[in-house]
Amino acid sequence: MQTAEIRRRFLEHFASRGHTVVPSASLVSPDPSLLFTVAGMVPFIPYLTGREPAPYPRATSVQKCVRTLDIEEVGKTTRHGTFFQMNGNFSFGDYFKEGAIQHAWELVTGSVDDGGLGFDPEKIWVTVYLDDDEAAEAWHRIAGLPVERIQRLGKKDNYWHTGQPGPGGPCSEIYYDRGPQFGPDGGPLVDTAGDRFLEIWNLVFMQYELTDVRSKEDFRIVGELPKKNIDTGMGLERVAYLLQGVDNLYEIDEVAPVLHRAAEIAGVRYGAGGPGGHETDVRLRVVADHVRSGLMLIGDGVTPGNEGRGYILRRLLRRAVRSMKLLGVDEATLPALLPVSRDAMKASYPELETDFARISSVAYAEEEAFRRTLTSGTALFDTAVREARAAGTPSLSGEQAFSLHDTYGFPIDVTLEMAAEQGVTVDEDGFRALMQQQRDRARADARAKKTGSVDALAYRRLLADHGPTDWRAYDTLRTDSR
Ligand code: ATP
Ligand code: MG
Ligand code: MG
Ligand code: MG
């Protein structure tokens, strides 16, 4: 089943159950506290927190998301894209736990002929929060799931709140068992790598009024909310990879054509195995993922730069370019790959085609700029590694990493990747400190030019939901990971 068809079925399923279909918001987050839209709920935050009345009782969307925090996972796990699409259904004080479970179950296991996704119910597992007997009971009664396949997890994994006094509640996640060849029995509780039991859908039950919120796991429940909300997120690409019978999300119809074109240009075979085969495959997946993310980000108006969103875009594009170089390609590669990504995505995003002249010129210029410094920067890097080794300290200084960044345009991920290949480390703290100084200077300049305020409350709210940021997550928020 094509990805566009899964998206269509999802929206149709919820539209026919009284949900208003809401178009995806931009990847540039509508919430001022986030650089990018990291989840389907982001555009609905004012309604979910009760700050504004919802214009509809039920909504559904397929939201474009970017989570650069997952960048290190790309190509290595089967399930993380830096860009992905989150299918969601939302209830604002309308149906609650039972409704959410029923709607989800009907879609997941409904027959393909009836508009469902046709998953084998025997392979579905769910998790619920420790004391959420209501959810466990509903899964058992509505879906007929045996109790062994309803597992209980703690606050770290199965609880949501805003980080502020206000709404919060347990969540319940749906997993698909890919089979014993991917790991031992025991369900999502034991499969912490998520290889065998693939998380496809998270259902959040906003149920309680919380107070004394000190951390993700430390808060007090005051009572039930007068209006309870539902917020769900299903990974479109994850469902696609299962339904397309491929091994991972880089092999689905919306991503694989780029991967295969990259392999063709590099003269390598994806999945060939043998020595170096795994590294080659990971690189090809990284290229396919990053090219798509670049395309979608530029499509939403982001342009490469040294700060904020622009820097994230720059990192993605440059990492893709260098990965191609490592695969042995010396020519510019985006002119060959970007149109392939556009063609794979345009069924759902026709604007990529109409706007392609602009999008491609931004991307190609970025590749050219990087190619101009890639060789000299690599030479500087090699010298630095030689010197470090000679000095008996197999570590590059923060200054060296900063200089590669500042003068040669090497994003830190690229430097770290190169260092790892050479078996040397990088003083990341030192680099981070220098970056922070540069950022502080830029901010001070910007403040002097313009006065404006950031909604600190909104920031803390999402921070608590998604956990603290680290420097790589400067653009996005750490999301619950297990
Ligand atoms: P994981 O534990 O696999 O990293 P998550 O718990 O961080 O996923 P949620 O924050 O619960 O993910 O997001 C809701 C859904 O969005 C997930 O169940 C998954 O299907 C999908 N999803 C999350 N992150 C990604 C990603 N990087 N690439 C593709 N799909 C994703
Ligand atoms: Mg989750
Ligand atoms: Mg998870
Ligand atoms: Mg995650």
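Just so it is clear, the model here is predicted, and its values are computed rather than measured.

Before going further, it helps to spend a moment on the nonpolar core. Ranked by size, the top nonpolar core spans 108 residues in total, and within it W139, I174 and W201 carry the most contacts. In contact with W201, other than residues within four places in its own chain, are F10, F14, N89, A104, L107, V108, S172, E173, I174, T232, G233 and M234. Counting 21 residues, the second-largest nonpolar core is a separate cluster that includes V22, F90, F92 and M206.

To continue, consider the packing of aromatic side chains. Evaluated as defined, the whole model comprises 18 aromatic pairs. Through a chain of ring-to-ring contacts, the aromatic side chains of F44, Y47, Y56, F90 and F92 assemble into a single cluster. For R178, the ring lying beneath its charged end belongs to F182, and the centroid distance is 3.7 Å.

This next bit is on the coordination of the magnesium ion (ligand 2). E173 (OE) and E199 (OE) make up the full set of protein donors to the magnesium ion (ligand 2), lying at 2.0 to 2.2 Å. Here the magnesium ion (ligand 2) and the magnesium ion (ligand 3) are spaced 3.1 Å apart, with E199 acting as a shared donor. Here the residue E173 occupies a position in strand β7 (residues 166-177), and E199 occupies one in strand β8 (residues 197-211), the gap between them amounting to 26 residues. Residue classification places E173 among the buried residues on the basis of a relative accessible area of 5%.

Per the stated rule, a full pass over the model turns up 36 salt bridges. Taking the shortest distance from any N to any O, the salt bridge between E366 and R314 comes out at 2.8 Å. Of the two residues, E366 sits in helix α12 (residues 356-390) while R314 sits in helix α9 (residues 308-326), which places them 52 residues apart along the sequence. When its relative accessible area of 5% is taken as the criterion, E366 is described as buried. Three or more residues joined by partner-sharing salt bridges are found here, namely R283, R319, R322, E417 and E421.

Turning our eyes to something else, we now look at the environment of V287. Position of V287 among the secondary structure elements: in helix α8 (residues 277-299). For V287 and A320, which are 33 residues apart along the polypeptide, the C-alpha to C-alpha distance reads 4.7 Å. Look past the residues within four positions of V287 in its chain and what remains in contact with it is A262, A320, S323, M324 and L337.

Residues with a pLDDT of 70 or more make up 93% of the protein chain, whose mean pLDDT is 91. With pLDDT under 50 throughout, residues 452-460 is counted as low confidence; its partners more than four residues away or in other chains account for twelve contacts. For this predicted complex, the interface score ipTM comes out at 0.99, while the overall pTM is 0.89.

Right, let's talk about unusual backbone geometry for a bit. One non-glycine residue with positive phi stands out, namely D212, at about 50°. Along the chain, D212 turns up in the loop between β8 and β9 (220-235). By relative accessible area, which is 31% here, D212 ends up partly exposed.

Moving on: the pairing of strand β4 (residues 124-129). Of all six residues in β4, six are buried, a share of seventy percent or more. Where burial is concerned, the two faces of β4 agree: the one with I124, V126 and V128 and the one with W125, T127 and Y129 are both buried. Where β4 lies against β7, four bridges are found, and the strand directions are antiparallel. Among the inter-strand pairings, I124 is bridged to a residue of β7, identified as Y176. Summarising the sheet, β4 and strand β5 (residues 150-153) pair through four bridges and their orientation is parallel. For V128, the partnering residue across the bridge sits in β5 and is R152. Considered for its hand, the β-α-β crossover made up of β4, helix α4 (residues 133-143) and β5 is right-handed.

If you check α12, its first and last C-alpha atoms are 49 Å apart, about what 35 residues at 1.5 Å a residue would give, namely 51 Å. At L374, α12 is bent by approximately 40°, the largest bend along its length. Of the residues flanking the end of α12, it is G392, one or two places downstream, whose phi is positive at about 75°.

Inspection of the secondary structure assignment puts E106 in helix α3 (residues 97-109). With twelve residues separating them in the primary sequence, E106 and G118 have C-alpha atoms 9.3 Å apart. Apart from residues no more than four positions distant in its own chain, E106 is found in contact with H13 and R17. Only 3.1 Å separates the side chain of E106 from the side chain of R17, close enough to count as a polar contact.

Counting buried positions over the nine residues of strand β2 (residues 58-66) gives eight, a clear majority of the element. Note: strand β1 (residues 20-21) against β2, two bridges, orientation parallel. Within β2, the position partnered with V21 by the bridge is T60. Summarising the sheet, β2 and strand β3 (residues 83-92) pair through nine bridges and their orientation is antiparallel. Residue pairing for β3: K64 is matched across the bridge by Q85.

Right, let's talk about helix α6 (residues 236-243) for a bit. For α6, the buried fraction is high: seven of the eight residues fall into the buried class. Buried within α6 are the following residues: L236, E237, R238, V239, A240, Y241 and L242. A positive backbone phi angle near 65° is found at G245, which sits one or two residues after α6.

Tallied over the entire structure, the rule returns zero disulfides. Of the cysteine sulfurs around C65, a residue in no disulfide, the closest is that of C171, at 16 Å. When its relative accessible area of 0% is taken as the criterion, C65 is described as buried.

About the cut-offs
- Residues numbered from 1 in each chain as written.
- Chains lettered and ligands numbered in written order.
- Predicted model: local features only at pLDDT ≥ 70, side-chain atom pairs only at ≥ 80, totals over all residues.
- Heavy atoms only, no water.
- Core = buried A, V, L, I, M, F, W, Y, C linked by side-chain atoms within 4.5 Å.
- Buried < 20%, exposed > 50% of the residue type's maximum accessible area, 1.4 Å probe, protein only.
- Contact = heavy atoms within 4.5 Å.
- Phe/Tyr/Trp six-rings, centres within 6.5 Å; stacked < 30°, edge-to-face > 60°.
- Lys NZ or Arg CZ within 6 Å of the ring centre and 35° of its normal.
- Donors = N, O, S within 2.8 Å, 3.2 Å for Na, K, Ca; no water.
- Helix = DSSP H or I, 4+ residues; strand = E, 2+ residues; numbered from the N terminus.
- Salt bridge = Lys/Arg side-chain N within 4 Å of Asp/Glu carboxyl O.
- pLDDT = per-residue confidence, 0-100.
- Pairing = 2+ DSSP bridges.
- Right-handed = clockwise from strand over helix to strand, strands pointing away.
- Expected span 1.5 Å × (residues − 1).
- Bend = angle between axes of the 7 residues up to and from the residue.
- Polar contact = N/O pair within 3.5 Å; in protein donor to acceptor, adjacent residues only side chain to side chain.
- Disulfide = S-S within 2.5 Å.

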